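Structural description and commentary
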Amino acid sequence: MMRVLVDCRMADWSGVGRYSTGLTRALADRDDIELIQVVADRGTTPVSDALSIPAAARPFTLAGGLELGRIVRRVAPDVTHCLHFPVPRPVPQPLVVTLHDLSPLIVSGVMPSLIRRVVYRRMNVAAVRGADRLICPSANTASDVRRLLSAGERVRVVPEAADDFSSGEVGPLPSGLAGVRYVLSMGNTKPHKDLPTLLAAFSRVSPLRPDVRLVLAGEDRPGYIADVLGSDPAAAKVGFAGRTDDATLRALYGNAAVFAFPSLYEGFGLPPLEAMALGAPVVCARDTSLPEVVGDAAIMFDPGDVSALAAAVSRVLDDPGEAARLRAAGRQRAAMLTWAATAEATVGVYREVTGR
Amino acid sequence: MPDPAPITFGTDGWRAVIADDFTYANLRRVADAAGRVISSASPGGTVLVGYDTRFQAGSFARAAAEVLSSHGLVAKVSDSYCPTPALCWNVSRDDAAVAGVMLTASHNPAPYLGFKLRMADGGASPVAFTDKVEAALLPDPPAARGEYEVVDLMGPYLESLRGLVDAEAIRAASLKVAVDPLHGAGRGYLAGVFREFGVEVIEVHGEDNPGFSGLHPEPIPPHIDDVCALVRSRGLDAAFVTDGDADRIGAVDRSGTFVNPHRIIALVARHLFEDKGQRGTIVKTVSTSVLVDRLANRLGIEVVTTPVGFKWIYEEMVKGGVMIGGEESGGIGIPSHVRERDGLLMALMLAEMMAQKGKGLGELIDDLLELTGPMEYRRVDLKLDSAVKDSFVDSIPRLEPTEIAGLPVKETQRSDGIKFLLPDDAWLLLRPSGTEPLVRVYAEAPSLGVVDDLLAAGRAIAEGTV
């Protein structure tokens, strides 16, 4: 049995957290792995049933690296897997590191501080130099990692999944949304998520479909919509859903007339996969990793193309047959990507580095 | 039709009274649930099944194997009764084995039998796993039966034990010892290994007796009184006692005096470190003697203290870097052998120590105390009214005495019950039972007089009279 130490200190985070819980729970279900997970001692997300070792220091600090290094020395695993780029000090062997994306180095505005970008790059370089294998969730990210961090032939592509999320309890819709037709998107206002393109497209869709609203999943950003849409009457039909738990988010996906995802850069793109798993027709930008995730189960448009996005959303709203086709295709596509499959491929990487 | 008997997994499996709740029907229900859970995670995996010397334990084991194999698992049943550590060791060494099942009620009285689950590393099943088994229980026993193999678990296990100690040193020492398996699963095995090593052995309570001669198969006084008297009357060097499934150890020195498990943990830890060159932490529970900490301090070994219960020690073993782990009940394990308590291995370690140093257990303890300084230890179990116990439990977060039995309180810990640390390494621990109206009070201090004062103070705290 292979003894594997997994760094789950960031399980409370959004994207890395989904990956941490999905992968770790699937690894814990396997009988060829003895899994030990390092968790944040103040963490609130239950990761898996595997044995946990709490860590006190922050993952991105030197203290965090040294603490993780001490834990690795004690556990003496056959392989250490860091689920994000902070690695133990000293770097253990064999080491597998998952790099989810390099957006701060590729997309302007994601990490405005130059100092933080320098530190970010150095930490990623340290991870690439120390790792025996690197796992990326998409071929696009793998290409970025090879190109920008000289990772050579050590990169492996292992897709993520949404089956754990989609199988959870579905809660009630937020108040005011029951019976309402709405386009759903994520409420992340970082520049590379390109919400302005979606808002502009919605302002074109809205006049002919006055019953349709645009719901942005996430906490309210007061003034943001007015800043983008100004006095456009469509602004009155756009709103943030507020902080939502997973059950509510599942309800939002499941009842959406369309899920629109205009993001300009993704390392993988879990939201469209989650939307497909829960039966929402997906419209997304044709860039970075998204075509790999959605396959032919979504309508894609050129990134930043307001007209094309408006046309795609209108098509789904106006054509029930197309919406039904996308729902069925999306569910089928999502079913192909499971955390069990992610774990299987990840264990394959472990076997490469351990020779077992 | 009456409701099916409630079946719940406690800290170490499902236990019940034979022919009352522990029936073939219920056993098959449990095996069926376990089989479904195991086979869903590990289709076609191997499950080893062992059993102790209790009434019909072997027959129950074969019934469980029939049900397990009906789920597509490869069930292999021991060809004889075996200690729990033997089952666990075999599971950990068999790459195809995904789980183990042991039919035993450990140290419980004769009417009981139990169903313990072990994971692929031989260690105890976590609560999350037994919860799944409980959830998979069906109201009716299954009709399906499958084939099972009969295998020798004891041969390979005993061979591994023989390789862990210096047989020649033991042979050269011409030891004379008593072995008391208390009619349990160590019966014949420990005595047999000793005899192979040239030790003169008298085995008591070694006959097949599922009633345990009225004893509780627990290696503590008064159940070991017979063997203590035997040591004295026959002038033996020592006696070694194992419990019902031989995972716990008790020992008796040349004078017929009981050697408590705290001292055994310290002796074996010192032996592993100084004589066998092993390294790693010592894991003890909150109720284990401070002798262990003092020894570790002298030797420069790290000590990890856990709540009471071997499952906590096991968790530390899984984390790694552990040389030995043990608890007050006599459950002591060396994870490089198996992540489980092993009474036979501990007996062999003590005999090896005696042989290599040419000393009796009493002298080895004197040497130990010379290094650590003397400490006395006692425990009393207080039976209280439920209301009094509940009131004590409620008061634990608020208890902040500055002085106990005239000694200033240096620190208060609440990791398991409440423990007061006092000067000179003395301490007082009060642990409410989770299931009974009982509070266990432990005290340790440099003299018995102080220990008794602390126990009296502990009683007053538990009863709320201070």
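Our subject in this report is the structure included herewith. Residue numbers restart at each chain and count upward from 1, following the sequence in its written direction. Key to labels: chains lettered from A, ligands numbered from 1, both in the order written. The predicted origin of the model limits local features to residues at a pLDDT of at least 70 and limits the giving and counting of side-chain atom pairs to 80 or more, whereas totals for whole chains, interfaces and linings rest on all residues. Note that the side-chain values use all heavy atoms of the structure and ignore hydrogens as well as water.

Considering the interface of chain A and chain B
It is common to give the size of an interface as the accessible area that goes away when the parts come together. We call two residues in contact when some of their heavy atoms are within 4.5 Å. Contacts between chain A and chain B engage 12 residues on the former and 15 residues on the latter. Where chain A abuts chain B, roughly 1,100 Å² becomes buried across the two surfaces, and 49% of that area is made up of carbon and sulfur atoms. Contact with chain B buries surface across chain A, with D31, L51 and R74 of chain A losing the most and accounting together for 50% of the total. Just to be clear on terms, a salt bridge is a Lys or Arg side-chain nitrogen sitting within 4 Å of an Asp or Glu carboxyl oxygen. The interface formed by chain A and chain B includes two salt bridges. Here E316 of chain B makes a salt bridge to R74 of chain A, at a shortest N to O gap of 2.8 Å. For this analysis, a polar contact is any N or O atom pair within 3.5 Å, provided that within protein one partner can donate a hydrogen and the other can accept it, and provided that sequence-adjacent residues contribute only side-chain to side-chain pairs. The interface formed by chain A and chain B contains seven residue pairs in polar contact (both at pLDDT 80 or more). Runs of E in the DSSP output that reach at least two residues are strands. Runs of H or I that reach at least four are helices, and both are numbered from the N terminus. Of all the secondary-structure elements, those providing two or more residues to the side of chain A that touches chain B are strand 2 (33-40), strand 3 (51-55) and helix 2 (62-75) of chain A. Top contributing element to the side of chain A that touches chain B by residue count: strand 3 of chain A, with three residues. Among the residues forming the side of chain A that touches chain B, the class breakdown is five nonpolar, one polar and six charged. Two parts lose some accessible area (1.4 Å probe) when they are put together, and adding that loss for both gives the buried area. Gly counts as polar in this scheme, as do all residues outside two lists: the nonpolar Ala, Val, Leu, Ile, Met, Phe, Trp, Tyr, Cys and Pro, and the charged Asp, Glu, Lys and Arg.

What to know about the sheet that holds strand 5 (residues 112-119) of chain B
Residue and element names in this part refer to chain B. In space, the six strands of this open sheet follow the order 1-5-4-2-3-6, with mixed pairing throughout. Two strands lie at the open edges of the sheet, namely strand 1 (14-17) and strand 6 (149-151), each paired on one side alone. Adjacent strand axes in the sheet meet at a mean angle of 20°, parallel and antiparallel pairs treated alike. Note: strand 2 (residues 46-51) against strand 3 (residues 74-78), four bridges, orientation parallel. Bridge pairing in strand 3 places L48 opposite K76. To get an axis, fit a line to the C-alpha atoms, keeping to the stretch in contact for a helix; angles then go from 0 to 180 degrees between the N-to-C directions. Sitting on the sheet, helix 3 (residues 84-93) is in contact with strand 2, strand 4 (97-103) and strand 5, with an inclination near 170° to strand 4. At least two DSSP bridges between two strands are needed for those strands to be called paired.

Quick notes on the nonpolar core
Residue and element names in this part refer to chain B. Take the buried residues of types Ala, Val, Leu, Ile, Met, Phe, Trp, Tyr and Cys, join any two whose side-chain atoms come within 4.5 Å, and each joined set is a nonpolar core. The classification of residues rests on relative accessible area computed with a 1.4 Å probe and restricted to protein chains. Under 20% of the type maximum is buried, over 50% is exposed, and intermediate values are partly exposed. Residues L103, F115, F194, F240, V268 and L361 are the most contacted members of the largest nonpolar core, which totals 120 residues. By residue number, the principal contributor to this core is helix 12 (residues 343-357), which donates 11 residues. Ignoring anything within four residues of it in the chain, the contact list for F194 reads V177, V179, V199, V201, F240, A347, L348 and A351.

Side note on empty space enclosed by the protein
Rolled over the atoms, a probe as big as a water molecule pinpoints where empty space is left. Residue and element names in this part refer to chain A. A pocket here means an open set of points on a 1 Å grid, computed over the protein atoms alone, that has protein on both sides within 12 Å along at least five of seven lines. A cavity is instead a set of points where a 1.4 Å probe fits but cannot get out; residues with an atom within 4 Å of a point line either one. Grid points are joined across faces, edges and corners, and a volume is the space filled by probe spheres set on the points. Overall, the coordinates contain one cavity of 30 Å³ or more when judged by the stated rule. Reported here for the largest cavity is a volume of approximately 40 Å³. In terms of lining, the largest cavity is formed by S185, M186, N188, K193, L195, F261, P262 and S263. A breakdown of the residues in the lining of the largest cavity according to their chemical character gives four nonpolar, three polar and one charged.

Considering unusual backbone geometry
For the bond from R89 of chain A to P90 of chain A, the omega torsion is -10°, close enough to zero to count as cis. With respect to the secondary-structure elements, P90 of chain A resides in the loop between strand 4 (79-82) and strand 5 (95-98). In the segment running from P221 of chain B into P222 of chain B, the intervening peptide bond is cis, with an omega of 5°. Look at T288 of chain A: it is not a glycine, yet its phi comes out positive at around 40°. Mapped onto the elements of the fold, T288 of chain A is located in the loop between strand 12 (282-285) and helix 11 (290-294). Relative accessible area serves as the criterion here: at 23%, T288 of chain A is assigned to the partly exposed category. Despite not being glycine, Q56 of chain B shows a phi value in the positive range, around 60°.

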